[in-house]
Amino acid sequence: MRLVVRALELLVATVLAFAAWYLAFVLLTFLLGDRGIVALAALVAVAVAWPWLFRRYRRWRLDRWVHSREQEAELVRKGVCGRCGYGITGLPADRFGRVTCPECTAKWRSPDRRD
């Protein structure tokens, strides 16, 4: 399923990039006339660089998200709220085994529970 979603994301990004490139080319050719070939060269450079930039941006976002999730999980294992840093050990857990931070109302799995 993830492969299908990734393929669709790539297809949508490609279509949007091509549409933006074509629209910019038409506008620049209309506005610049004979100098449109320079605009075309610039647009080709952008069209070639776009997929690489898109992949780098997505990878950066994913790395940042994973890293922040790992940091939150480590803080909760130490008995501290992953969002605000308030101590959550010894607080009562709800019926699902989650502790609500009294400071910021974030819900975490109880650090006192040993599964």
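For the structure, see preceding data.
Since this is a predicted model, take the numbers as computed values, not measurements.

About the cut-offs
- Residues numbered from 1 in each chain as written.
- Predicted model: local features only at pLDDT ≥ 70, side-chain atom pairs only at ≥ 80, totals over all residues.
- Heavy atoms only, no water.
- Core = buried A, V, L, I, M, F, W, Y, C linked by side-chain atoms within 4.5 Å.
- Buried < 20%, exposed > 50% of the residue type's maximum accessible area, 1.4 Å probe, protein only.
- Contact = heavy atoms within 4.5 Å.
- Helix = DSSP H or I, 4+ residues; strand = E, 2+ residues; numbered from the N terminus.
- Salt bridge = Lys/Arg side-chain N within 4 Å of Asp/Glu carboxyl O.

Chemist: Tell me about the nonpolar core, residues and numbers included.
Modeler: Within the largest apolar cluster, eight residues are counted, these being Val76, Cys81, Ile88, Val99, Cys101, Cys104, Ala106 and Trp108. Dropping the residues within four chain positions of it, Cys81 is found in contact with Leu75, Tyr86, Ile88, Cys101, Cys104, Ala106 and Trp108.

Chemist: Now, about unusual backbone geometry: what can you tell me, with residues and values included?
Modeler: Positive phi is not limited to glycine here, since Thr105 has a value of about 65 degrees. The residue Thr105 is located in the loop between β1 (98-100) and β2 (107-109) in this model.

Chemist: With reference to specific residues and values, describe the pattern of salt bridges.
Modeler: In total, this model carries two salt bridges according to the counting rule given. Arg77 is the salt-bridge partner of Glu74, the closest N and O atoms lying 2.8 Å from each other. Placement of the pair is Glu74 and Arg77 together in helix α2 (residues 36-77), with a separation of three residues, close to one helical turn. Classification of Arg77 by relative accessible area gives exposed; the value is 57%. Asp94 is the salt-bridge partner of Arg98, the closest N and O atoms lying 3.3 Å from each other. Among the residues examined, Asp94 registers a relative accessible area of 27% and is labelled partly exposed.

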